[in-house]
Amino acid sequence: MVRPNEEVEALLQEYADLVAITGGDAYKARAYEKAARAIGGHPTDVSRLDAKGLQEIPNVGKSIAEKVEEYLRTGRVSAVEETRAAIPAGVRELISIPTLGPKKALVLYEELHVSSVAELLDAIHEERLRDLKGFGEKTQANILHGIELLQKAGGRILLGAAMDVAEQVVAELSAVSGCERCGYAGSLRRMRETIGDIDVLVAATDSAPSMEAFCALPHTAEVIARGEKKTSIRTTKGLQVDLRVLPPDSWGAGLLYFTGSKAHNIRLREMAIRHGYKLSEYGLFHAKSGRKAVSATEEEIYAKLGLPWIPPTLREDRGEIAAALKGELPEVMQEKDIRGDLHTHTDLTDGVSCLEDMVAAAAERGYAYFAVTDHAPNLYMQRMTDEKILAQREKVRALDGKHRRMRLLHGTELNIGPEGDLDWPDEFLAGFDLCVASVHSHFNQTREELTRRLVRACENPHVAIIGHPTTRQIGKRPGIDADFDEVFAACARTGTALEINAHPERLDLGDEDILRAKRHGVKFAVNTDAHSVVHLPYMRYGVGTAQRGWLTKDDVINTWPLQKLRRFLQPGG
DNA sequence: GCCGTTTTCGGCCCGACTGTTTTCAGTCG
């Protein structure tokens, strides 16, 4: 289901959490975390590595290599199993609540036998935390707030995780005999930031082979419903996947119907009625005769309604049909339009891939240019110094143009301090090709303080891009409460681009904010914020989000030729 | 548990905030 590296990463992270919860050596827990990250970000499939190869991965030593081998050989690791037996899974679930860490989780478990989020809620409501040391009123309120945040995600999963599952299901079903077409639909095809369940469509005359194969997929844990037209399963990770098999000549109508959104479909059905048709998942039919007009492709159906084909990312009933009727549908940018990534990290700070590997991987993606933007000194934990960043600049200059003639930009990701201050004085910033500036802490300032802080960063002439502008983490942390209309206006005024951070946990700015910012006349940069070569492909999620914000190539600076980009990056440019 | 070496132990990402602590532990980025 998931790539072996990600499975191993999850397993080692679980072990790290369990070590921390059981009060084990904090450095041991961190060692497992570091190894987990390193393996997750490692480009080679770990299942193809032997003990020696595994230990060549940074932060993987003898002990962890042995555990990884044991896992790959047997599917389990005895040390992990033992710890699992000692601590119920629900206790680990507790530390996903913001402000609740391993120490508090252990107290709750040992003192109150709380071993799930639901039990914790009960305990709080029954006031059983009252006499517990370290759990005052504020702490309880913070925990309740944290649980609320978690539950707001409402069982939806992140776009990236859903895409991994969907693409594997589609690949498996495409290989089944009789399958003429196969693809995913629903909110996933519309690239929404979170996905409830996955809809997969197959076009086939006989549905049985597909249904059979679907139920037999290795990750299928449970068959929820099985019929001739629709089968629903739950994966081992608890995700629901629906398969619908359509007659081949209804492919377009089915794809349209199951892609949604519901609101978009309602608009289309209204239009169909006005044109004397009836639209269903089986096709577009003449209202009077009931005879089928078209159904094979989405394009034909839209055309009969007097519309151009509308990209799925626009199908949210946000005025796309009116725009299409007027011939004003934006020509939204595509992933192939991206000429380079402008926000990436290396192992000089918290990335796991070295500069050379990042550059080679970027060139492999066909980029014309690529910016390396490691963290600056004020994010203290990264231990950046003037000497280190200048030494990196030398290496970047030496690599410039060496991979498929790809040009390199040497940049940095600055930290926007509480007062809008940045890490380096202007003279030093002038030495970079590109400065991204982002908020990383002090999220709870007042609205006025947060707004002023971001506006000040925009006003620095060396700052070209505001990174992950709201700093939200989907399902974990809400965005900061700044007056973003004021920030967007400042960006437009100062020629500062807003980032669309493509990491599936961020997607920041999100679609609604992009639409607002675009009305202010702001430019954007779609960046991955990659901390490993395996993160570079996240670009597609950023592009999907940009499309949902109706952005065209003209709006997005990293679709521009290098010369035009450089002019934008220049102070005052 | 990993790593680098001043090679087999001793350090490991540092600083700030929050709450409840009355001097600091836990959590976060």
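Residues numbered from 1 in each chain as written. Chains lettered and ligands numbered in written order. Predicted model: local features only at pLDDT ≥ 70, side-chain atom pairs only at ≥ 80, totals over all residues. Heavy atoms only, no water.

Test applied: UniProt positions are given in the numbering used here, feature names are shortened, and annotations may be inferred rather than shown by experiment.
The name that an unreviewed UniProt entry assigns to chain A is DNA polymerase beta, with the source organism given as Streptomyces luteosporeus. Among the UniProt annotations of chain A, the heading Subcellular location (unreviewed entry) holds the following wording: "Cytoplasm". Under the UniProt heading Cofactor (unreviewed entry), the entry covering chain A gives this text: "Mg(2+)".

1. Description of the packing of aromatic side chains
Selection criterion: Classification of ring pairs rests on two measures: the distance between centres of Phe, Tyr or Trp rings, Trp counted by its six-membered ring, which must be within 6.5 Å, and the angle between planes, read as stacked under 30 degrees, edge-to-face over 60 and tilted in between. To qualify as a helix, a DSSP run of H or I must reach at least 4 residues; to qualify as a strand, a run of E must reach at least 2; elements of each kind are numbered from the N terminus. The rule is simple: take the accessible area with a 1.4 Å probe, protein chains only, and divide by the maximum for that residue type; under 20% is buried, over 50% is exposed, in between is partly exposed. Two conditions define a charge sitting above a ring: the NZ of Lys or the CZ of Arg must be within 6 Å of the ring centre, and it must be within 35 degrees of the ring normal.
Applying the stated rule across the entire model yields eight aromatic pairs. Here the aromatic rings of Tyr-15 and Tyr-32 are separated by 4.7 Å at their centres, their planes lie at 80°, and the arrangement is edge-to-face. Of this pair, Tyr-15 sits in helix H1 (residues 4-21) while Tyr-32 sits in helix H2 (residues 26-40), and the two are 17 residues apart along the sequence. The pair Tyr-15 / Tyr-32 is uniform in exposure class, with both members buried. On the numbers, 5.5 Å between centres and 35° between planes, the contact of Trp-424 with Phe-432 is tilted. For Phe-432, a relative accessible area of 8% gives the class buried. A network of ring pairs unites the aromatic residues Trp-424, Phe-428 and Phe-432 as a single cluster. Seen from the ring of Phe-135, Lys-104 lies directly overhead, with NZ or CZ sitting 6.0 Å from the centre. Of note, Lys-564 hangs over the ring of Trp-560, and the distance from its end group to the ring centre comes to 4.2 Å.

2. Looking at the side chain of His-462
We count it as follows: A contact between two residues is defined here by any heavy atoms of the two lying within 4.5 Å.
Of note, His-462 is situated in the loop between helix H20 (447-459) and strand E15 (463-466). Not counting residues within four places of it along the chain, the set of residues in contact with His-462 comprises Asp-426, Leu-429, Ala-430, Cys-435 and Pro-571.

3. Thoughts on the UniProt feature "domain: Helix-hairpin-helix DNA-binding motif class" (unreviewed entry) in chain A
The sites that UniProt annotates as "domain: Helix-hairpin-helix DNA-binding motif class" (unreviewed entry) are residues 52-71, 92-111 and 127-146. Between the first and last C-alpha atoms of residues 127-146 the distance is 18 Å; the span itself is 50% helix and 0% strand.

4. Things to note about the pattern of salt bridges
Here is the rule: Take a side-chain nitrogen of Lys or Arg and a carboxyl oxygen of Asp or Glu: if they are within 4 Å of each other, that pair is a salt bridge.
Scanning the model with the defined rule gives 35 salt bridges in all. Among the ionic pairs, Arg-397 bridges to Asp-433, the shortest N-O distance being 2.9 Å. With Arg-397 in helix H18 (residues 386-399) and Asp-433 in the loop between helix H19 (426-429) and strand E14 (434-438), this residue pair connects regions lying 36 residues apart in the sequence. You can call Arg-397 partly exposed: its relative accessible area is 36%. Look at the salt bridges and you will find they share partners, linking Arg-190, Glu-316, Arg-318, Asp-511, Glu-512 and Arg-548 into a network.

5. Here's the deal with the domain arrangement of chain A
Put simply, the rule is: The source of the domain bounds is an automatic or database domain assignment. Once two parts are joined, some of their accessible surface, as seen by a 1.4 Å probe, is lost; buried area is that loss totalled over both. For this analysis, a polar contact is any N or O atom pair within 3.5 Å, provided that within protein one partner can donate a hydrogen and the other can accept it, and provided that sequence-adjacent residues contribute only side-chain to side-chain pairs.
When cut into domains, chain A gives domain 1 (4-153), domain 2 (157-246), domain 3 (251-325) and domain 4 (335-569). The centre of domain 3, based on its C-alpha atoms, is set 39 Å off from the matching centre of domain 4. At the junction of the two partners, domain 3 supplies seven residues and domain 4 supplies seven residues. Both faces combined, the contact of domain 3 with domain 4 buries some 640 Å², and carbon together with sulfur accounts for 52% of it. A per-residue breakdown of the area domain 3 buries against domain 4 is headed by Thr-313, Leu-314 and Arg-318, which together make up 80% of the total. For the pair domain 3 and domain 4, the interface holds three salt bridges. Among the salt bridges present, the one from Arg-318 reaches Asp-511, with a minimum N-O distance of 3.1 Å. Counting across the domain 3 and domain 4 interface gives five residue pairs in polar contact (both at pLDDT 80 or more).

6. Things to note about the protein's contact with DNA strand B
In plain terms, the rule: A cutoff of 4 Å decides nearness: a residue is near a molecule or strand if any of its heavy atoms lies inside that distance of it. When residue character is reported, Ala, Val, Leu, Ile, Met, Phe, Trp, Tyr, Cys and Pro are called nonpolar, Asp, Glu, Lys and Arg charged, and the others, Gly included, polar.
Residues in close proximity to DNA strand B total 33 residues, the closest being Gly-136, Met-381, Arg-383, His-440 and Arg-477. Of everything in DNA strand B that lies within 4 Å of the protein, sugar and phosphate atoms constitute 74%. Interatomic distance of 3.4 Å between a backbone N/O atom of Glu-137 and a phosphate oxygen of DNA strand B. Arg-477 is positioned such that a nitrogen or oxygen atom in its side chain is 2.4 Å from a phosphate oxygen of DNA strand B. Broken down by secondary-structure element, the contributors of at least two residues to the surface near DNA strand B are H2, helix H4 (62-74), helix H7 (102-112) and helix H9 (137-152). Each residue belonging to the surface near DNA strand B can be placed in one class, and the counts come to 13 nonpolar, nine polar and 11 charged.

7. A word on the pairing of strand E16 (residues 497-501)
Stated precisely, the cut-off is as follows: Pairing between two strands is assigned when DSSP locates at least 2 bridges connecting them. Every crossover in which the path from the first strand over the helix to the second runs clockwise, viewed with the strands pointing away from the viewer, is termed right-handed.
Along E16, five of the five residues are buried, which leaves the element largely enclosed by surrounding structure. Across two bridges, E15 lies against E16 in parallel orientation. By the bridge assignment, Ile-466 is partnered in E16 with Leu-498. Between E15 and its parallel partner E16, the chain crosses via helix H21 (residues 484-494), and the hand of that crossover is right-handed. In this structure, E16 lies alongside strand E17 (residues 524-527), joined through four bridges in parallel fashion. Note that in E17 the partner of Ile-500 across the bridge is Val-526.

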